[in-house]
Structure formats: structure tokens, C-alpha cells
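Listed below are the residues making up each chain.
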Amino acid sequence: MNNNSNNSTLPNTVKNTAPVTLSSLQKQKALKEKTTCLTAYDASFARVAGEAGVDLLLIGDSLGMVLQGNTSTLPVSIEHMVYHTECVARGRVRSMIMSDLPFLSTVSEIQCLDWAGKLMQAGAEIVKLEGGQWATSYVEQLKRCGIPVCVHLGLTPQYVHQFGGYKVQGKKLDAAQRLIEDAQVLENSGADMLLLECIPISVTEKIMNAVHIPVIGIGAGKLTDGQILVMHDLLGVSPPPHARFVENFLTNQNSIHAAIAAYVDAVRNQTYPTDAQSFH
Ligand code: KIV
């Protein structure tokens, strides 16, 4: 039994709202309603985020940076991901739960399936994999086992050393073309969702025209079906320098709940992200 069944202390808006699922996210896309996503790593923040209206919680391997103090996500292990997924699953109210497959998940299809299975057993309802069209066989294997998959494209932080830093991706014509192709091929191989990070808005637009599955963005402009932020960036507790799309939503609010609710409103009303918070 999870906490969804024991919600007598929740506000009415949350109490009366059905749990978010893959099909409700697809419905949101069809209705052109924006999906609100946020990272969470523990039960308390998962609960507050759900009460503030966040649809999708990501247990991101960004925890390696914002919780553990590393300079990249590479030191994060599957054991760390399982532990934080269990914590979030205990606290969530209605949000869907997505967990990151950490660095070296794609050493082999067997390793990927094994680790994804551990995340699902810990409470995830979809796993996220950093990849490109080379990952189609991984997506197919995961889907065969009943594991929904989101593929992360663009600035994939596990590849930071290959990129030579945290840089905007898809700026050159051939790289942009490859991203659009990746998105189409991965949708055809069964991916349920895409996450686009740090790409020019013109490339986002082409991907949005090319695929039918929900697409979440971070630093990818306002055309995606939803937005995601790292909790610590939203609350202004991650150290500078900050990426262009980072906004501290706590500045004008007097509680963490109000800050997350302000972010949710801004995404739904499409006042976040602005043009100035996007790459052109
Ligand atoms: O790990 C993470 O938090 C992420 C987000 C930046 C999308 O992948």
C-alpha cells in the first residue's frame, strides 16, 4: 500500500485528483495542457511537490551534484538511485515517479534490465535513460519487460566529459538533424516519453513536429509538452554559476510549497520559460 490511500490530511485539490499515469500525461498533451515536472530525492519534498501540483517527480542522478556535492553525476550508483526512489515513493501523493538509470547502465542490455527492474521494484513507474538512436535495443528490451522508458536527449550529463563540459547541444546543422532523427527512431522503438535538455528552441520545434509522445524540456524552450527543473535550482540553494533557464521561484514566495506552486502556475500559464531563458 502506498501513501495515496491515506490522504485524509491533504488539501481538497490534491485529494480529489487521480494519480498521474502515462495515459493521463498523453491526455494532457492532446489537450495542450502543460505537464509540470520537478526532481525530488526524499519523502518530504515529494509530498510537498505533489501537494503543490507537480505531475511528474524525477529522482534524478543530479542527486550526485545537489545532495552529494560531486561535480558530475558519474559517481551515482544504482544503490543510491534505489534508496532515493524508495524515499520518494513513500512520500508521493499523486505525482508519477520517474527514476534515472545511472552512469554505466548501458554497459549491457542485461545490466540495464537488471538496474531498471530494481528501480521499478523501489517504486518507479518509468525509468529515464540517457541515449540516442543507438539505444533502441535497450528501449525494446525494457518495454518487453513492462518497463516504460523516457529517453533523455541533448545535453546528457553522463556524457559531460565527451562533450567537454555542460554545453548546449544541437547547435550545428548535422547535430540538430541527428537529434531530430534520434527522437523519431526512439519513438518508433517504443519510447514513452522524451526529455530534451539544453538545445536551441528551433531544434525543439522540429522535434515537437516529428514525434507524438510527451516531450519534457529543460533549457529547451517553451514548446515542449512540459518543463522540468532541479528542486535545488527552483529553491535557489544550488551554487552559481546557473544555467540560463534556472529560476529561483522562492524569491517572491514565503514558503517552499508556495515556491513550487508558483513554478507549477508559471509552467501551466506558459510564463516559464521565457525567451530569454531559452537558447536560440
Ligand atoms: O538528473 C536530473 O535531475 C535530470 C534533470 C536535469 C532533467 O536529468
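Data block above holds the structure.
No experiment lies behind these values; they were computed from the predicted model shown.

Chemist: Looking at this structure, I do not really get the overall build of the chain. What am I missing?
Modeler: Per the secondary structure count, the chain includes twelve helices and eight strands. Taking 2.2 N^0.38 as the reference for a compact globule, 280 residues should give roughly 19 Å; the C-alpha atoms of the chain span a radius of gyration of 17 Å, in line with that estimate. Viewed in the frame of its principal axes, the chain has a C-alpha envelope of about 50 × 40 × 40 Å. Taking all 280 residues of the chain together, 55% fall into the buried category. The contacts in the chain between residues at least 6 apart in sequence include a share of 63% that link residues at least 24 apart. Roughly 12,200 Å² of accessible area belongs to the chain as shown, and the carbon and sulfur atoms make up 52% of that amount. Here the chain carries 21 positive and 25 negative side-chain charges, and the mean point of each set is 3 Å from the other.

Chemist: Help me understand the site of the ligand, please; the structure alone is not making it clear to me.
Modeler: As a structural note, the neighbourhood of the ligand is formed by Thr39, Leu58, Gly60, Asp61, Ser62, Asp100, Lys128, His152, Leu195, Glu197, Ile218 and Val230. Within the side chain of Ser62, one N or O atom sits 2.5 Å away from an oxygen atom of the ligand. Protein chains shield 95% of the accessible area of the ligand, which is 260 Å² for the free molecule. A breakdown of the residues in the shell around the ligand according to their chemical character gives four nonpolar, four polar and four charged.

Chemist: For this particular structure, what's the right way to read the packing of aromatic side chains?
Modeler: Working definition: an aromatic ring pair is given by the centre-to-centre distance plus the angle between the planes. Within the structure shown, the criterion is met by five aromatic pairs. Here the aromatic rings of Tyr159 and Phe163 are separated by 6.5 Å at their centres, their planes lie at 40°, and the arrangement is tilted. Since its relative accessible area comes to 23%, Tyr159 is described here as partly exposed. Considering the side-chain rings of Tyr263 and Tyr272, the 6.1 Å spacing of their centres and the 65° angle between planes classify their relative orientation as edge-to-face. Across the pair, exposure class does not vary: Tyr263 and Tyr272 are buried alike. Site record: aromatic cluster; members linked through ring pairs are Phe249, Tyr263 and Tyr272.

Chemist: Help me out: how do you make sense of the sheet that holds strand E1 (residues 35–39) in this one?
Modeler: Where strands meet in a sheet, backbone hydrogen bonds hold them as pairs that are either parallel or antiparallel. Pairing is parallel around the closed barrel formed by eight strands, whose spatial order is E1-E2-E3-E4-E5-E6-E7-E8. Pairwise comparison of adjacent strand axes, ignoring direction, gives a mean angle of 25° for this sheet. Pairing of strand E4 (residues 126–130) with strand E5 (residues 149–154) involves four bridges; the strand directions are parallel. Paired with Glu130 across the strands is His152, a residue of E5. Along the sheet, helix H5 (residues 78–91) makes contact with strand E2 (56–59) and strand E3 (96–100), crossing E2 at roughly 150°. Lying on the sheet, helix H6 (residues 109–122) is in contact with E3 and E4; it crosses E4 at an angle near 140°.

Chemist: So what exactly am I meant to see when it comes to the packing of helix H3 (residues 43–51) against helix H12 (residues 256–268) here?
Modeler: For any two helices packed against each other, one specifies the inter-axial angle together with the distance between the axes. Direction vectors running N to C along H3 and H12 enclose 50°, while the axes themselves pass 9 Å from each other. Considered as vectors, H3 and H12 are oriented oblique to each other. Handedness of the crossing formed by H3 with H12: right-handed. Seen from H3, the contacting residues are Phe45, Val48, Ala49 and Glu51; seen from H12, they are Ile256, His257 and Ile260.

Chemist: It is not clear to me how helix H10 (residues 201–210) should be interpreted in this structure. Could you clarify?
Modeler: Residues spaced three or four apart along an α-helix face the same direction, because each turn holds 3.6 residues. Along H10, the residues classified as buried are Ile201, Val203, Thr204, Ile207, Met208 and Ala210. On its buried face, H10 is in contact with helix H2 (22–30), helix H9 (173–188), strand E6 (193–197) and strand E7 (215–218).

Chemist: Please clarify how the environment of Leu63 should be interpreted in this entry.
Modeler: Its location among the elements puts Leu63 in helix H4 (residues 63–66). Given the relative accessible area of 0%, Leu63 is considered buried. When the C-alpha atoms of Leu63 and Met81 are compared, they prove to be 8.7 Å apart, with 18 residues separating the residues in sequence. Discounting residues that sit within four places of it in the chain, Leu63 has contacts with Tyr41, Gln68, Val76, His80, Met81 and His84.

Chemist: Would you mind going over unusual backbone geometry with me for this structure?
Modeler: Peptide bonds are, in most cases, trans, and in most cases residues other than glycine have a negative phi. That bond from Pro240 to Pro241 is cis: its omega, 5°, falls within 30 degrees of zero. Relative to the helices and strands, Pro241 is located in the loop between helix H11 (231–234) and H12. Here the amide bond leading from Tyr272 into Pro273 is cis, since omega sits at -5°, within 30 degrees of zero. Counting through the fold element by element, Pro273 comes out in the segment after H12. Although it is not a glycine, Gln270 sits at a positive phi angle of roughly 65°. Its place among the elements puts Gln270 in the segment after H12. Among the residues examined, Gln270 registers a relative accessible area of 37% and is labelled partly exposed.

Cut-off values and rules
- Residues numbered from 1 in each chain as written.
- Predicted model: local features only at pLDDT ≥ 70, side-chain atom pairs only at ≥ 80, totals over all residues.
- Heavy atoms only, no water.
- Helix = DSSP H or I, 4+ residues; strand = E, 2+ residues; numbered from the N terminus.
- Rg over C-alpha atoms; globule rule 2.2 N^0.38 Å.
- Buried < 20%, exposed > 50% of the residue type's maximum accessible area, 1.4 Å probe, protein only.
- Contact = heavy atoms within 4.5 Å.
- Areas by Shrake-Rupley, 256 points an atom, 1.4 Å probe, with all protein chains shown as cover.
- Lys, Arg positive; Asp, Glu negative; His and termini not counted.
- Charge placed at Lys NZ, Arg CZ, Asp CG, Glu CD.
- Near = heavy atom within 4 Å.
- Polar contact = N/O pair within 3.5 Å; in protein donor to acceptor, adjacent residues only side chain to side chain.
- Nonpolar A, V, L, I, M, F, W, Y, C, P; charged D, E, K, R; others polar.
- Phe/Tyr/Trp six-rings, centres within 6.5 Å; stacked < 30°, edge-to-face > 60°.
- Pairing = 2+ DSSP bridges.
- Axes fitted to C-alpha atoms, helices over the stretch in contact; angles between N-to-C directions.
- Parallel < 35°, antiparallel > 145°, perpendicular 65-115°, else oblique.
- Left-handed = near helix turned anticlockwise from the far one by under 90°.

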